[in-house]
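Listed here are the chains, written in short residue letters.
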Amino acid sequence: MLSPADWDAARTTLLLAAATVVILILVATPIAWRLAFARGRWARVAEAVVALPLVLPPTVMGFYLLVLLGPAGPVGSWWVKLTGDTLSFSFAGLVIASCLHSLPFAVQPLQNAFESVGSRRLQAAASLRASPLDAFFSVALPLALRGYVTAAVLTFAHTLGEFGVMLMVGGNIPGRTRVLSISIFEHVETLDYAAAHRLAAALLIFSFVVLLSVYLANGRYRTRVA
Amino acid sequence: MRLVLDLHAHRGDFELRVAEELELDGITALFGPSGAGKTTLLQALAGFLPGTGRIEADGVLWQDDRRSLPAHRRPVAVVFQDGRLFEHLDVAGNLDFAARRADRGGPSVRRSEVVAALGLSALLDRRVDTLSGGEIQRVAIGRALLARPRLLLMDEPLVALDRERKATILGMIAELPRRFGLPVLFVSHLVEEIAQIADRLVALRDGRTVGQGPTVAMLERLGAEMTGHFEAGSLLEGHVARHDEEHALTAVDVGEGILWTPGAMHAGVGERVRVRLRARDVALSLQRLEGVSIRNQLPARVLEVRAEQGAYAEVRLDCGGAVVRARITRLAVRELGLGPGLRVYALVKSVAFDRRLEV
């Protein structure tokens, strides 16, 4: 079936996707919360910035990230000082790139969910003596649960499928930054269509099963991204 | 609770400007036409509008221009127009939400007592999205009480309900101050609701207070301009003299005479009740009439005749100290020769106060 190198790529991909989901859920929550309840021009500017990865060519984003995370870049040089390792062409760099690239897939479902929770219910919670933090955990979070599931699944699936940014920032280092989508590309490049077929089919089935199980679990709820 | 307010809030073109001292005891109605600023005032009290001026309650500063006690630290609970129950919890869960966060320093409110007072026992296991409008509001009231507030704010809680349910829940609300030992501030634009339950009334119009005082006196003072022509009327206080079980009528002694009403069979003999007479249900006669179907004829003296635009005039009558209004045509005023001082009989159809009589 799969070669050891392909298994390595699969492991790296799953690890990357899982890390991205965990980090993004934590990071996207406050951002989505602010956007859901903020009014005015600056909130709309922030929304546009968050949505950028949806429309930007992955190579453009990957290029800027490479500049930013490279050993000479502002973030990359600081990381080298801190850890002795470079961010570009490393798994850590891949996680950062992946988080930025998938940001809208986490923020937008959460923002929709928080908007439908609405400030009215939060007022009710406040009038029942629940502090804002208490109201978040006891009212907003449970009501927005489906938004969280959607955000997690979309982020996960999007990370599985990403190619351009990964290649730009991570390169193609087996066992370290080579992910499934790059493996497929590599098999095609070397005209090993049989291996490409196996990986592509596996990825296709896996993605479908994940999405289907979420839709089944959520019943009538629809996954929405603007 | 004594509130000292100096509020100023802007919402687009609308400006709320209220400098008033309110002594809240029993049920106080915040009354005014829609757009008068009632809800804005209530939201400021609840703590949802910081930076809108000064609020002091029993000597404690809730907010001024610089600071504001956040909503969750104010000893108030709110019953909203739309209930705002939490859908991820069942009815019992909604009640527990409030009970767990209750103010230990607030009036002691027992859960069993709340469940009994609002008839919630059959609802406890129900999901929130299976409740009717009336059930939602009863749960919302119960939930607010269990937070043990020192002041209960109600923002038109009955506006979405039909007549029957409204009457039931109004009766429950009327009991709250006595049963749970807390004052209620009740926002409404409906004279009917206020006339039934409010002890005192604060009138609001175009963002300003127009006055405050006992409900009966205030409704009299406000006049048709605020209360609306169709709703214009008067309140009489009296006590139940006797019941006519056979014909399902109750005699209410209002001082100057007896009013027969069909809506008060539940009240005990001797109990004090309030009867609301709408001006359009009162007719006038120069003599006591025989052979008519109208049961109630109260001797009265004309105080004033106010001609309105169009066909109608409003006649204010002194009926044994209480003021009664009658809305009749200007032609009738001329033909009967009505003027101040004239002795007349106010004729009231018994059905006129069906369901308008409450303790």
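Quick caveat: nothing in here was measured; it's all calculated off a predicted structure.

Participant: Where do I start with the sheet that holds strand β8 (residues 184–188) of chain B in this structure?
Facilitator: Across a sheet, paired strands are connected by hydrogen bonds in the backbone, their directions being either parallel or antiparallel. Residues and elements named next belong to chain B. Spatially, 6 strands are ordered β6-β7-β8-β3-β9-β10 in an open sheet, and the strand pairing comes out mixed. Pairing within the sheet leaves two strands with one partner each, and these edge strands are β6 (76–79) and β10 (208–214). Averaged over all neighbouring strand pairs, the angle between strand axes comes to 20 degrees, with direction disregarded. For strand β3 (residues 27–31) and β8, the ladder comprises 5 bridges, and the chain directions are parallel. Bridging from a neighbouring strand, A29 pairs with F186 of β8. Sitting on the sheet, helix α1 (residues 38–46) is in contact with β3, β6, β7 (151–155), β8 and β9 (200–205), with an inclination near 150 degrees to β7. Here helix α5 (residues 163–180) sits on the sheet in contact with β3, β7 and β8, set at roughly 155 degrees to β8.

Participant: Explain the domain arrangement of chain B here, please?
Facilitator: A common way to report how large an interface is uses the accessible area buried once the components associate. Residues and elements named next belong to chain B. Domain parsing of chain B yields domain 1 (2–225) and domain 2 (233–358). Between the C-alpha centres of domain 1 and domain 2 the distance comes to 33 Å. Counting residues at the interface gives 11 residues for domain 1, matched by 10 residues for domain 2. If you list the elements that add at least two residues to the side of domain 1 that touches domain 2, you get α5, α6 (191–197) and α7 (215–227). When the residues that make up the side of domain 1 that touches domain 2 are grouped by side-chain class, the tally is 7 nonpolar, 2 polar and 2 charged.

Participant: Is there a simple way to explain the interface of chain B and chain A in this structure?
Facilitator: In this assembly, 18 residues from chain B lie in contact with 13 residues from chain A. Of all the elements in the fold, those that place two or more residues in the side of chain B that touches chain A are β6 and α2 (91–100) of chain B. Broken down by element, the residue count for the side of chain B that touches chain A peaks at 3 residues, all from β6 of chain B. In the side of chain B that touches chain A, the residues fall into 11 nonpolar, 2 polar and 5 charged.

Participant: Got a minute to help me understand the nonpolar core in this structure?
Facilitator: Nonpolar side chains in soluble globular proteins tend to be buried together. If you look at the biggest cluster of nonpolar residues, it comprises 154 residues, and the most contacted ones within it are L30, A144, L153, F186 and A346 of chain B. With 18 residues, helix α5 (residues 91–127) of chain A is the single largest residue contributor to this core. Among residues more than four places away in sequence, those in contact with F186 of chain B are I27, T28, A29, L30, M154, I197 and A198 of chain B.

Participant: Looking at this structure, I do not really get the packing of helix α2 (residues 41–55) of chain A against α5 of chain A. What am I missing?
Facilitator: Packed helices, taken two at a time, are described by their axes: the angle between them and the distance between them. Residues and elements named next belong to chain A. Between α2 and α5, whose axes approach to 7 Å, the crossing angle comes to 115 degrees. In this view, α2 runs roughly perpendicular relative to α5, as classed from their interaxial angle. Where α2 crosses over α5, the two elements pack in a sense that is left-handed. Together, V50, A51, P53 and L54 of α2 and L100, H101, L103, P104 and V107 of α5 make up the contact between the two elements. Partitioned by chemical class, the residues of the contact of α2 with α5 number 8 nonpolar, 1 polar and no charged.

Participant: Any chance you could explain the sheet that holds strand β16 (residues 296–307) of chain B here in plain terms?
Facilitator: Residues and elements named next belong to chain B. If you walk across this open sheet you meet the 5 strands as β15-β19-β16-β17-β18, and the pairing is antiparallel. Whereas interior strands pair on both sides, the edge strands pair on one side only; in this sheet they are β15 (282–285) and β18 (322–329). Taken over all neighbouring pairs, the strand axes of this sheet differ in orientation by 45 degrees on average, direction set aside.

Participant: Sorry if this is basic, but what is going on with unusual backbone geometry here?
Facilitator: The phi angle of most residues is negative, glycine excepted, and most peptide bonds adopt the trans form. Although it is not a glycine, L191 of chain A sits at a positive phi angle of roughly 60 degrees. Following the sequence through the fold, L191 of chain A ends up in the loop between α9 (180–189) and α10 (193–218). Look at E156 of chain B: it is not a glycine, yet its phi comes out positive at around 45 degrees. As for its position among the elements, E156 of chain B is in the loop between β7 and α5.

Participant: I would appreciate a short explanation of the pairing of β7 of chain B in the present structure.
Facilitator: Working note: regular strand, side chains alternate between the two faces of the sheet. Residue and element names in this part refer to chain B. In terms of burial, β7 is a largely internal element, 5 of the 5 residues being buried. The alternating pattern of β7 places L151, L153 and D155 on one face and L152 and M154 on the opposite face, and all of these are buried. Here β6 runs beside β7; their pairing, made up of 4 bridges, is parallel. Across the sheet, V76 pairs through a bridge with L151, a residue of β7. Looking at chain direction, β7 and β8 are connected through 4 bridges and run parallel. From the neighbouring strand, L153 faces β8, where its bridge partner is L185. Where the polypeptide runs from β7 across α5 and back to β8, its parallel neighbour, the crossover connection is right-handed.

Parameters and conventions
Residues numbered from 1 in each chain as written. Chains lettered and ligands numbered in written order. Predicted model: local features only at pLDDT ≥ 70, side-chain atom pairs only at ≥ 80, totals over all residues. Pairing = 2+ DSSP bridges. Helix = DSSP H or I, 4+ residues; strand = E, 2+ residues; numbered from the N terminus. Axes fitted to C-alpha atoms, helices over the stretch in contact; angles between N-to-C directions. Contact = placed C-beta atoms within 7 Å. Domains from an automatic or database assignment. Nonpolar A, V, L, I, M, F, W, Y, C, P; charged D, E, K, R; others polar. Core = buried A, V, L, I, M, F, W, Y, C linked by C-beta atoms within 7 Å. Buried ≥ 20, exposed ≤ 12 C-beta atoms within 10 Å, placed from the backbone. Parallel < 35°, antiparallel > 145°, perpendicular 65-115°, else oblique. Left-handed = near helix turned anticlockwise from the far one by under 90°. Right-handed = clockwise from strand over helix to strand, strands pointing away.

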